[in-house]
Amino acid sequence: MALRSRPATGPRRPSAARGGSRAPGPSPRPPRGAALRRTYERVRRTWDRPLTAYYVILGAGLLLTVLGLVMVYSASMIKALQLSRPSTYFFRKQFLAAVIGAGLMLLAAKMPVKLHRALAYPLLVVTVFLMVLVQVPGVGMSVNGNQNWIYIGGPFQLQPSEFGKLALILWGADLIARKQEKRLLTQWKHMLVPLVPGAFMLLGLIMLGGDMGTAIILTAILFGLLWLAGAPTRLFAGVLVLAGALAFLFIKTSPNRMSRLACMGASEPTPEGGCWQAVHGIYALASGGWFGYGLGASVEKWGQLPEPHTDFIFAITGEELGLAGTLSVLALFAALGYAGIRVAGRTEDPFVRYAAGGVTTWIMVQAMINIGAVLGLLPIAGVPLPLFSYGGSALLPTMFAVGLMIAFARQDPAAKAALAVRRPGVRWKTMRRRIKKRPSGER
């Protein structure tokens, strides 16, 4: 009775039976994988920003160059002392080339696309002239059995075939772009002529000096340009068969190349001392472990591994920096390749598409050939690791090509707008518009 006569003055609690609602409890847990999906979406939005390719190319190129300078110094110290030179001998030459290359990269990044196209034919003519001079007795010089160097003076030599890669890309991209504008690429003769004969002329001059590694890179660039131009499968296959037949002929007629081919996957040197370089490259990588012996603590560079600062610098990197160091180098090359594909895929300028695709093909194929040879998966081709190995003749055109990619990344309309907003002058003007004028005398 007392409970029934109690006045109902206070607020009533909502009944679950009447309202159908429950008392507030702990918030429901998010579904599994929601955090991973949010992270993926955030990363995807970051990669889709207009300036992503610009920053990735700039950052990856500079990081590879700086890390390469460090590893060149570490890997070349013992070699320099064996030649009765200062321990910094090779490092100083590479540092000078990197400084000049940085200037070339900045120049290429600031140049408009029309000027890059204008440089295509002069660069090709100068490169062909220098490659002919290589075969002139008294002018050209032989290094490691290859006649592909020109003596400049002092301790400096020039390898014109390294500039031939850049010349083929610019000339081929301009040639195909002009034919596409005139709608001539539907005819096979315009697709192949004069691109294929011009490329084979460069290949012939290179093979006269015996440098098959560089010839492979030029062949890959030619295939990349033909593929981007939309060459029919039968034409593409025909050029591939012809190049493969010539490569087989050059390998079969050279005992040195046959021995390199036989060293693929070798785990021990032969009794005659063959496969020494390939096997000790594997030893260097295997002994590095997860994090390596430490910078400068390589054992193989003390005379066991030939060419530790050029062709096999990746092996010394694995020995001193371990798996973490080699994976970092691979990640930088992967980022550079992804950014190059993005630039080539998003542009509407045919020349930019072909040139960006050619540069990306050049750097990625050369990196794969070098690293594959160190891992024992490919025969030793004698090509340097781009932006990383010792060699000024290889570093200069590669850094110019990186600057070329930066210029192409900046040509995107969205990237232009984003860069214009970030200029100090534009930002200052924008800020001034937002500031309201105060009355006179107000503090």
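Parameters and conventions
- Residues numbered from 1 in each chain as written.
- Predicted model: local features only at pLDDT ≥ 70, side-chain atom pairs only at ≥ 80, totals over all residues.
- Heavy atoms only, no water.
- Helix = DSSP H or I, 4+ residues; strand = E, 2+ residues; numbered from the N terminus.
- Expected span 1.5 Å × (residues − 1).
- Bend = angle between axes of the 7 residues up to and from the residue.
- Patch = residues over 30% accessible without salt bridge, like charges linked within 9 Å, V, L, I, M, F, W, Y side chains within 5 Å.
- Areas by Shrake-Rupley, 256 points an atom, 1.4 Å probe, with all protein chains shown as cover.
- Salt bridge = Lys/Arg side-chain N within 4 Å of Asp/Glu carboxyl O.
- Buried < 20%, exposed > 50% of the residue type's maximum accessible area, 1.4 Å probe, protein only.
- Pairing = 2+ DSSP bridges.
- Axes fitted to C-alpha atoms, helices over the stretch in contact; angles between N-to-C directions.
- Disulfide = S-S within 2.5 Å.
- Phe/Tyr/Trp six-rings, centres within 6.5 Å; stacked < 30°, edge-to-face > 60°.
- Lys NZ or Arg CZ within 6 Å of the ring centre and 35° of its normal.
- Contact = heavy atoms within 4.5 Å.
- Core = buried A, V, L, I, M, F, W, Y, C linked by side-chain atoms within 4.5 Å.

*Asks:* Any chance you could explain helix α14 (residues 313–346) here in plain terms?
*Replies:* Helical geometry: 3.6 residues make up each α-helical turn, so side chains three or four residues apart lie on a common side. Compared with the 50 Å implied by 1.5 Å per residue over 34 residues, the 34 Å span of α14 between its first and last C-alpha is markedly short. The axis of α14 is deflected most strongly, by about 130 degrees, at leucine 321.

*Asks:* Any chance you could explain a nonpolar patch on the surface here in plain terms?
*Replies:* A grouping of Trp290, Phe291, Leu323, Leu327 and Leu330 is seen on the molecular surface, where their side chains present a nonpolar patch of about 570 Å² in accessible area. Topologically, leucine 323 is positioned in helix α14. Taking relative accessible area as the criterion, leucine 323 reaches 34% and is therefore assigned partly exposed.

*Asks:* Just checking my understanding: could you explain the pattern of salt bridges for this structure?
*Replies:* Pairing of side chains with opposite charge becomes possible as their charged atoms draw close. For the coordinates displayed, the defined rule picks out five salt bridges. Arginine 117 serves as the salt-bridge partner of glutamate 181, at 3.8 Å between the closest nitrogen and oxygen. Taken together, the positions of glutamate 181 in helix α7 (residues 160–181) and arginine 117 in helix α5 (residues 113–118) put the pair 64 residues apart, joining distant regions of the chain. In this structure, the salt-bridge partner of aspartate 174 is arginine 178, at a minimum N-O distance of 2.8 Å. Linking aspartate 174 with arginine 178, this pair stays in helix α7, spanning four residues, or about one helical turn. Relative accessible area serves as the criterion here: at 0%, aspartate 174 is assigned to the buried category. The partly exposed category is assigned to arginine 178, whose relative accessible area is 43%. Sharing partners across several salt bridges, the network here consists of Arg117, Asp174, Arg178 and Glu181.

*Asks:* I keep staring at the pairing of strand β2 (residues 146–153) and nothing clicks. Help me out?
*Replies:* Look at any regular strand and the pattern is simple: side chains alternate between the two faces of the sheet. Pairing between strand β1 (residues 140–143) and β2: four bridges, direction antiparallel. Following the sheet pairing, methionine 141 is matched in β2 by tryptophan 149. Connecting the antiparallel pair β1 and β2 is a turn made up of two residues, with asparagine 144 showing a positive phi of about 55 degrees. Taken together, the three bridges between β2 and strand β3 (residues 156–158) define a ladder with antiparallel strand orientation. Within the sheet, the bridge partner assigned to isoleucine 150 lies in β3 and is leucine 158. Counted along the chain from β2 to the antiparallel partner β3, the turn is two residues long, and its residue glycine 154 has a positive phi close to 65 degrees.

*Asks:* What is the right way to look at the sheet that holds β1 in this model?
*Replies:* Strand-to-strand pairing in sheets goes through backbone hydrogen bonds, with the strands running parallel or antiparallel. The antiparallel open sheet is built from three strands, whose spatial order is β1-β2-β3. A single partner strand is all that each edge strand has here, and the edge strands are β1 and β3. For this sheet, the mean angle separating the axes of adjacent strands, direction not counted, is 55 degrees.

*Asks:* It is not clear to me how the state of the cysteines should be interpreted in this structure. Could you clarify?
*Replies:* What is meant by a disulfide is a covalent connection between two cysteines, made through their sulfur atoms. Taken as a whole and judged by the stated rule, the model has one disulfide. The disulfide that involves cysteine 263 links it to cysteine 275, with 2.1 Å between the sulfurs. Taking the sign of the S-S torsion, -90 degrees for the link of cysteine 263 and cysteine 275, the bridge is left-handed. A residue pair is termed long-range when its members are at least 10 positions apart, and cysteine 263 in the loop between α12 (255–262) and α13 (276–288) and cysteine 275 in the loop between α12 and α13 qualify at twelve residues. Like cysteine 263, the residue cysteine 275 is buried in the burial classification.

*Asks:* What am I meant to see in unusual backbone geometry here?
*Replies:* Backbone phi values are negative for most residues with the exception of glycine, while trans is the configuration of most peptide bonds. With an omega dihedral of 0 degrees, the bond running from valine 193 to proline 194 counts as a cis peptide bond. Relative to the assigned elements, proline 194 resides in the loop between α8 (188–192) and α9 (195–208).

*Asks:* Quick question: what am I supposed to make of the packing of aromatic side chains here?
*Replies:* For the structure shown, the criterion picks out six aromatic pairs. Seen from their ring centres, tyrosine 89 and phenylalanine 90 are 5.1 Å apart, and the 75 degrees between their planes marks the pair as edge-to-face. Taking the relative accessible area as the measure of exposure, tyrosine 89 reaches 14% and is therefore buried. Its relative accessible area of 8% is what places phenylalanine 90 among the buried residues. In this structure an aromatic cluster arises from ring pairing among Tyr73, Phe91 and Phe95. A cation over an aromatic ring shows up here: arginine 85 above the ring of tyrosine 89, its NZ or CZ 4.9 Å from the ring centre.

*Asks:* What is the right way to look at α9 in this model?
*Replies:* Across its 14 residues, α9 extends 20 Å between first and last C-alpha, which sits within 8% of the 20 Å expected from 1.5 Å per residue. When we look at burial in α9, the residues that qualify are Leu195, Val196, Gly198, Ala199, Leu202, Leu203, Leu205, Ile206 and Met207. Looking at the buried positions of α9, the neighbouring elements they touch are α6 (120–134), α7, α8, α10 (212–228), α11 (233–252) and α12. One or two steps after α9, the chain reaches glycine 210, where phi turns positive at roughly 85 degrees.

*Asks:* Mind showing me how you'd approach the nonpolar core here?
*Replies:* Nonpolar side chains in soluble globular proteins generally cluster together in the buried interior. Counting residues in hydrophobic clusters, the biggest one holds 114 residues, and the most contacted among them are Ile57, Leu226 and Phe408. The greatest single-element share of this core, amounting to 15 residues, is contributed by helix α15 (residues 350–374). Filtering out sequence-adjacent residues up to four positions away, leucine 226 remains in contact with Met191, Leu192, Leu195, Val196, Ala231, Phe236 and Val239.

*Asks:* Where do I start with the environment of arginine 353 in this structure?
*Replies:* Relative to the assigned elements, arginine 353 resides in helix α15. Residue classification places arginine 353 among the partly exposed residues on the basis of a relative accessible area of 22%. As for arginine 353 and glycine 340, which are separated by 13 residues in sequence, their C-alpha atoms are 9.6 Å apart. Those residues within four positions of arginine 353 in sequence are excluded, and the remaining contacts are Gln180, Leu228, Ala344, Thr347 and Glu348.

Shape descriptors only; they carry no functional weight alone.
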